[in-house]
Amino acid sequence: MIIVLKANVSDEDIAVVEGKVTEFGYEPRVVQGVERTIIAAVGDEVTHKSLETLQNMPMIDRVVPIQKRYKLVSREFHRAPTSFNVGKNKIGDGNFMMIAGPCSVESREQLETVTKDIIASGVTVLRGGAYKPRTSPYDFQGLREEGLELLQEMKDTYGVSIVTEILGAPHVEKVAAVADVLQIGARNCQNYHLLEVVAGAGRTVLLKRGMSVTVQEWLSAAEYLLVHGCEDVILCERGIRTFEPATRSTLDLSAVAVAKKETHLPVIVDPSHAAGKADLVLPLSKAAIAVGADGLIVETHPNPSEASSDATQQIPSGSFDQFMSELQPFIDICFENRAK
Ligand code: PEP
Ligand code: MN
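Note that this is a predicted model, so its numbers are computed, not measured.

Engineer: Is there a simple way to think about the domain arrangement of the protein in this case?
Structural biologist: A common way to express how large an interface is: the accessible area buried when the components associate. Splitting the protein by domain gives domain 1 (2-64) and domain 2 (84-339). When each unit is reduced to the centre of its C-alpha atoms, the spacing between domain 1 and domain 2 is 45 Å.

Here's what the structure looks like:
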């Protein structure tokens with residue numbers, strides 16, 4: 001950290017700040033300029049206390065952190081891209097993962113139709129919410145335990161891997177018993193207690209970016225998972241809140257490019273929640289792949305207009321094979337180029 005002192009501070013003032021820096025566990029190095037003095041505090045900013053609390057001292061102008069507040073997720077710490085398996089599918093380091101399924105698990109018939117449709121399109125990672133985070137308490141809240149049972153049934157019958165959302169710490173055990181991937185939704189991105197508990201479940205975690213969370217905050221949330229023992233983390237950009245009403249959220253593709261630079265973890269995109277409209281999902285998916293995403297999570301339903309949640313954004317599962325056949329050449333070209 002760099003501490004910039006105010007103009008014309010006395011030698012006593014400098015000594016006081018040096019003392020504080022030492023007290024916080026850093027080694028102070030004083031650099032005296034013509035008008036200003038700065039003190040470089042040498043030490044590991046991640047494990048030491050932040051010196052930003054010194055900001056209020058009368059002789060200090062500002063404190064500038066140099067190191068990032070996340071370490072385990074950063075490429076500085078771990079250069080090679082991370083890859084791991086979800087069931088038989090690999091993600092990261094040149095391996096693309098497609099996840100598809102309905103917003104909510106609604107019935108056996110609905111889930112079975114989608115499962116067969118995505119498998120016919122070459123996709124074997126099924127998403128589906130059993131516990132749904134809904135803005136209104138009067139909206140469909142998910143089939144909950146019954147939904148988990150249906151997901152388990154699809155896993156047993158069709159061999160698909162399961163991605164499903166976890167809403168609260170008390171559900172971890174029963175959701176982790178079914179899920180290959182525990183999804184932390186946008187609304188829980190900064191629920192640090194939940195992150196800690198989920199990290200200990202022994203499952204891959206898909207961490208969605210909150211709709212008003214910066215990239216740095218998103219990566220710091222992922223750091224919670226790694227610090228608490230979860231190594232297989234997938235980051236997911238799903239759109240942020242902006243002034244633009246033409247789409248449900250604004251898909252922040254810059255954040256994907258930034259995250260890919262900053263972290264070794266796989267980064268995927270959810271174009272469905274970003275767009276809020278089914279016909280935008282294909283172009284946004286292509287854009288996501290072009291910018292460097294390691295995968296996609298897309299909502300699809302046998303009969304979107306009758307869906308219990310997110311009706312406008314789900315692709316009819318009967319035409320999911322068409323969606324995939326339009327996307328696949330694009331995936332192939334982008335991934336071939338990345339391998340070069
Ligand atoms: C979902 O995946 O259905 C969902 C609720 O997503 P998000 O948390 O991104 O809103
Ligand atoms: Mn949804």
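Engineer: Even after reading the chapter, I still don't get the coordination of the manganese ion (ligand 2), so can you show me in this structure?
Structural biologist: Ideal geometry at a metal gives 109.5 degrees between four tetrahedral donors and either 90 or 180 degrees between six octahedral ones. In the first shell of the manganese ion (ligand 2), the protein supplies Cys103 (SG), His273 (NE2), Glu299 (OE) and Asp310 (OD), at 2.0 to 2.4 Å from the metal. Donor residues for the manganese ion (ligand 2) sit on one chain with the sequence pattern C-x169-H-x25-E-x10-D. Here His273 is found in helix 8 (residues 271-275), whereas its partner Asp310 is found in the loop between strand 14 (295-301) and strand 15 (315-316), with 37 residues between them in sequence. Here the two residues His273 and Asp310 agree in accessibility, since each one is buried.

Engineer: Any chance you could explain the sheet that holds strand 3 (residues 37-42) here in plain terms?
Structural biologist: Within a sheet, neighbouring strands are paired by backbone hydrogen bonds and run either parallel or antiparallel to one another. With antiparallel pairing, 4 strands are arranged side by side in an open sheet as 2-3-1-4. In this open sheet, the two edge strands, each paired with only one partner strand, are strand 2 (27-32) and strand 4 (60-64). Within this sheet the neighbouring strands show an average axis-to-axis angle of 20 degrees, counted without direction. By the bridge criterion, 3 bridges tie strand 1 (residues 2-5) to strand 3 in an arrangement that is antiparallel. Following the sheet pairing, Ile2 is matched in strand 3 by Ala40.

Engineer: Even after reading the chapter, I still don't get the nonpolar core, so can you show me in this structure?
Structural biologist: Inside soluble globular proteins, nonpolar side chains tend to come together where they are buried. One finds Met98, Leu126, Leu151, Leu207, Trp218, Phe320 and Phe323 to be the most contacted residues of the largest nonpolar core, which totals 67 residues. Listed in part, the 17 residues of the second largest apolar core include Ile14, Phe24, Ile39 and Leu51.

Engineer: So what exactly am I meant to see when it comes to empty space enclosed by the protein here?
Structural biologist: In this approach, a probe sized like a water molecule rolls over the atoms, and the result shows the empty space that is left. One pass over the full model with this rule turns up 1 cavity of 30 Å³ or more. Each pocket or cavity is described by its volume, and for the largest cavity that value is around 30 Å³. Around the largest cavity sit Arg127, Gly128, Gly129, Lys132, Val163, Thr164, Glu165 and Gln183, which together line it. The biggest single contributor to the lining of the largest cavity is strand 9 (residues 161-165), with 3 residues. Residue composition of the lining of the largest cavity, by class: 1 nonpolar, 4 polar and 3 charged.

Engineer: Would you mind showing me how to read the packing of aromatic side chains here?
Structural biologist: For any two aromatic rings, the description comes down to two numbers: the centre-to-centre distance and the angle of the planes. Inspection of every chain in the model, using the stated rule, returns 3 aromatic pairs. With centroids separated by 5.4 Å and ring planes inclined at 75 degrees, the aromatic side chains of Phe96 and Phe335 adopt a geometry described as edge-to-face. Placement of Phe96 in the loop between strand 6 (89-91) and strand 7 (97-101) and of Phe335 in helix 10 (residues 320-339) is noted, with a sequence separation of 239 residues between them. Phe335 sits in the buried class, given a relative accessible area of 10%. The interplanar angle of 25 degrees and the centroid separation of 5.2 Å between the aromatic rings of Phe320 and Phe323 together place this pair among those described as stacked. In this pair, Phe320 and Phe323 both sit in helix 10, 3 residues apart, roughly one turn of the helix.

Here is what the cut-offs are and how they apply
- Every chain's residues receive numbers from 1 upward, in the order its sequence appears when written.
- The order in which chains are written sets their letters, starting at A; the order in which ligands are written sets their numbers, starting at 1.
- Reporting of local features is limited, given that this is a predicted model, to residues whose pLDDT is at least 70; pairs of side-chain atoms are given and counted only at 80 or more, and all residues count toward the totals for whole chains, interfaces and linings.
- Side-chain measures were taken over the full set of non-hydrogen atoms in the model, leaving aside hydrogen atoms and water.
- Marked domain ranges trace back to an automatic or database domain assignment.
- Keep in mind that water is not among the atoms, so a site may look incomplete; donors are the N, O and S atoms within 2.8 Å of the metal, or 3.2 Å for Na, K and Ca.
- Each helix is a run of DSSP H or I of at least 4 residues and each strand a run of E of at least 2, with the numbering of both proceeding from the N terminus.
- Think of it in three bands: with a 1.4 Å probe and only protein chains considered, a residue is buried below 20% of the maximum accessible area for its type, exposed above 50%, and partly exposed in between.
- Criterion used throughout: strands pair if DSSP finds at least two bridges between them.
- Here an axis means a line fitted to C-alpha atoms, over the contact stretch when the element is a helix, while the angle between two N-to-C directions is reported on a 0 to 180 degree scale.
- Nine residue types can take part in a nonpolar core, namely buried Ala, Val, Leu, Ile, Met, Phe, Trp, Tyr and Cys, and a core is a set of them joined through side-chain atoms within 4.5 Å.
- A 1.4 Å probe that fits but cannot get out identifies a cavity on a 1 Å grid over protein atoms alone, an open set with protein on both sides within 12 Å along at least five of seven lines counts as a pocket, and a residue lines either if it has an atom within 4 Å of a point.
- Grid points are joined across faces, edges and corners, and a volume is the space filled by probe spheres set on the points.
- In the scheme used here, Gly and all other residues not listed as nonpolar or charged are polar, with Ala, Val, Leu, Ile, Met, Phe, Trp, Tyr, Cys and Pro taken as nonpolar and Asp, Glu, Lys and Arg as charged.
- Pairing of aromatic rings covers Phe, Tyr and the six-membered ring of Trp, with a centre-to-centre limit of 6.5 Å; geometry is then stacked below 30 degrees between planes, edge-to-face above 60, and tilted otherwise.

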